[in-house]
Amino acid sequence: MKFELLDLKKYSVSKHLFGILTLIVSGLVTGCSGSASNGVKGTEKAVLTAPPQVPPAITRKHSTKVLVELEVVEKASPIAEGVDYTFWTYGGTVPGSFIRVREGDEVEFRLSNHPDNKMPHNIDLHAVTGPGGGAAASMTAPGHTSTFSFKVIDPGLYVYHCATAPVGMHIANGMYGLILVEPKEGLPKVDREFYVMQGDFYTKGAYGQRGHQPFDMEKALKEQPDYVLFNGAVGALAGDKALKAKVGETVRLFVGNGGPNLVSSFHVIGEIFDKVKVEGGSLENHDLQTTLIPAGGSAIVEFKMEVPGTFIIVDHSIFRTFNKGALGMLKAEGPEDKVIYSGKTDDSVYLPEGGAIQSVGAEAPKPSIARTKEEKIAFGKQKYDAVCAACHQSTGIGVPHAFPPLASSDFLNKDKKRAILTVIQGLQGKILVNGSEYNSVMPKLDLTDEEVANVLTYVFNSWGNAGHVITPDEVKALRSVKPSNAGDIH
């Protein structure tokens, strides 16, 4: 906008009128300054770090505009030795990149979904004040970038996660991380800061079973994880990857719990938490042994290293530590203090005991068997609502460009055998449904023959579909069929 000064000799303007004009122009100029009038000065790009590292403390004394650029990457990585898992990640790591901003900052967030990914993704940041925490504004298809902005108005340590349906599956595949909103006065200085986040994982094979392990929805629904982990893998914080500090230093841990299901009983064996920011907020507790961190929650814990040794980080729901992988290490070097502790730490004492599980008790009761078509439809609807509706919707219409419709589906009704194989084997790759192309992932479902028959009978007898009745014997007969790629079954 361009302004020209008035020449009072050329124009006959009273001093009173000139004063009014001056105020108007001054107001326009002030209005053009935008965020500067709100105390926000300048722009900076956020420093993002992979776990267990944390970005440097913020030293500026003013609010600014912060640009955050985060990429979603779907990638296969080791979850344990000899075991691979396809993680869905923010920034290529589990947990996702650590974000650090200051109370009062205005954040411009750019979420990119890598072109090679199969699924749409978004982000719900618990630090955002607004519907969905940014989820709707950030829904992003593969090969696209979504941009939205928000102001951080409450200090604290907040979880962020994916909120794309099925939400639990996206979180269970590793889509979570932490964003720290420092208070205006900053945090007290410490010597070391680390980023630790717990998550529970559900695989088709048991703990330690070698090879590539797909996600198991049935175990997730039952909240029966095979792995409970710090930072996305067995041993991610152990051995050569252990956290390191020196005697006399103060350590601050930014701890989160992505879930999707379990509450963490966070504990460091041989240490007492001098300070705990309870659930990542402003309430501070002191001298704690263990702190609870809910799924989707966090805590900030601080303690001083008084003696050397290896300190074991655990979820004190202790079978998770020694049988499911929730074990990390913090190694402190320096002089001993025999008064505080006269013994010696031995790493081998805390090695995992393995994945062998003992079971005692009677057999589980057998499920009810559907005897009629009406019972098959009723039982199938129950299973569909529990397992399928999050993606394909309760009305079978699906989600455009993400999850294909089941209602009046030409792909479904054309081949009954193919429909059964899709449920029991899963499916990924490009398919054509009612003239539209879909390229996403249908996970293999761990259902019994009876459950598969019932849910497909329900689908085939709903929403204008063909009316087929599927029997458990038909499902059983296809269990041995070799899985096919989507491209083979168009």
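Thresholds, definitions, all that
- Residues numbered from 1 in each chain as written.
- Predicted model: local features only at pLDDT ≥ 70, side-chain atom pairs only at ≥ 80, totals over all residues.
- Heavy atoms only, no water.
- Helix = DSSP H or I, 4+ residues; strand = E, 2+ residues; numbered from the N terminus.
- Buried < 20%, exposed > 50% of the residue type's maximum accessible area, 1.4 Å probe, protein only.
- Contact = heavy atoms within 4.5 Å.
- Axes fitted to C-alpha atoms, helices over the stretch in contact; angles between N-to-C directions.
- Parallel < 35°, antiparallel > 145°, perpendicular 65-115°, else oblique.
- Nonpolar A, V, L, I, M, F, W, Y, C, P; charged D, E, K, R; others polar.
- Pairing = 2+ DSSP bridges.
- Phe/Tyr/Trp six-rings, centres within 6.5 Å; stacked < 30°, edge-to-face > 60°.
- Disulfide = S-S within 2.5 Å.
- Core = buried A, V, L, I, M, F, W, Y, C linked by side-chain atoms within 4.5 Å.

Caption draft 1: Layout of the overall build of the protein. The number of helices and strands found in the protein is 10 helices and 23 strands. Burial analysis of the protein (490 residues in total) assigns 47% to the buried set. Sequence-distant contacts, at least 24 apart, represent 69% of the contacts inside the protein between residues at least 6 apart.

Caption draft 2: The arrangement of the packing of helix α5 (residues 373-387) against helix α9 (residues 449-460) in detail. Viewed as axis vectors pointing N to C, α5 and α9 meet at an angle of 95°, and their least axial separation amounts to 7 Å. Judged by the inter-axis angle, α5 sits roughly perpendicular to α9. Packed against α5, whose contacting residues are Lys-376, Ile-377, Phe-379, Gly-380, Lys-381, Lys-383 and Tyr-384, the element α9 presents Glu-451, Asn-454, Val-455, Thr-457, Tyr-458 and Val-459 at the interface. Residues belonging to the contact of α5 with α9 are distributed by class as follows: six nonpolar, three polar and four charged.

Caption draft 3: Geometry of the pairing of strand β2 (residues 63-80). Pairing of strand β1 (residues 40-45) with β2 involves four bridges; the strand directions are parallel. Counterpart to Glu-44 in the pairing with β2 is Val-66. Where β2 meets strand β5 (residues 106-113), eight bridges bridge the pair, whose relative direction is parallel. Along β5, the bridge assignment pairs Leu-70 with Leu-111.

Caption draft 4: Local environment of the packing of aromatic side chains. For the structure on display, the rule yields 15 aromatic pairs. Taking the centre distance of 5.1 Å and the plane angle of 65° together, the rings of Tyr-85 and Phe-87 count as edge-to-face. For Phe-87, a relative accessible area of 4% translates into the label buried. Grouping aromatic residues by their ring pairs yields a cluster made of Phe-230, Phe-266, Phe-273 and Phe-303.

Caption draft 5: Up close: the side chain of Ser-97. You can see Ser-97 is positioned in the loop between β3 (83-90) and β4 (99-102). The buried category is assigned to Ser-97, whose relative accessible area is 9%. With sequence-adjacent residues up to four places away left out, Ser-97 is seen in contact with Leu-48, Thr-49, Leu-70, Tyr-90, Gly-91, Tyr-160, Leu-178 and Tyr-195.

Caption draft 6: Inspection of the state of the cysteines at higher detail. Summed over all chains, the structure comprises zero disulfides. Of the cysteine sulfurs around Cys-388, a residue in no disulfide, the closest is that of Cys-391, at 8.5 Å.

Caption draft 7: The sheet that holds strand β9 (residues 176-182), seen in detail. Pairing is mixed in the open sheet, where four strands are placed in the order β4-β9-β8-β6. Each of the sheet's edge strands pairs with one partner strand only, and the pair in question is β4 and β6 (124-125). Direction of pairing for β4 relative to β9: parallel, over a ladder of four bridges. The partner of Arg-102 across the bridge, within β9, is Glu-182.

Caption draft 8: Summary view of the nonpolar core. By size, the foremost hydrophobic cluster in this structure holds 79 residues, and its most contacted members are Ile-79, Tyr-90, Phe-109, Ile-123, Leu-125, Phe-201 and Leu-456. The element that contributes the greatest number of residues to this core is α9, accounting for seven residues. Listed in part, the 27 residues of the second largest apolar core include Leu-243, Val-276, Ile-293 and Met-305.

Caption draft 9: Molecular detail of the pairing of β5. Of the strand pairs in this sheet, β5 and strand β7 (residues 144-151) are connected by eight bridges, and their pairing is antiparallel. Note that in β7 the partner of Glu-106 across the bridge is Lys-151.

Caption draft 10: Just the sheet that holds strand β16 (residues 273-277), in detail. The six strands are arranged β12-β10-β14-β19-β16-β17 in an open sheet whose pairing can be described as mixed. The two strands at the open ends of the sheet, each matched to only one other strand, are β12 (227-230) and β17 (284-288). The average undirected angle you get between the axes of adjacent strands in this sheet is 20°. Two strands pair when backbone bridges link them, and strand β14 (residues 250-259) and strand β19 (residues 297-304) are joined in this way by eight bridges, in the antiparallel orientation. Within β19, the residue paired with Thr-250 across the bridge is Lys-304.

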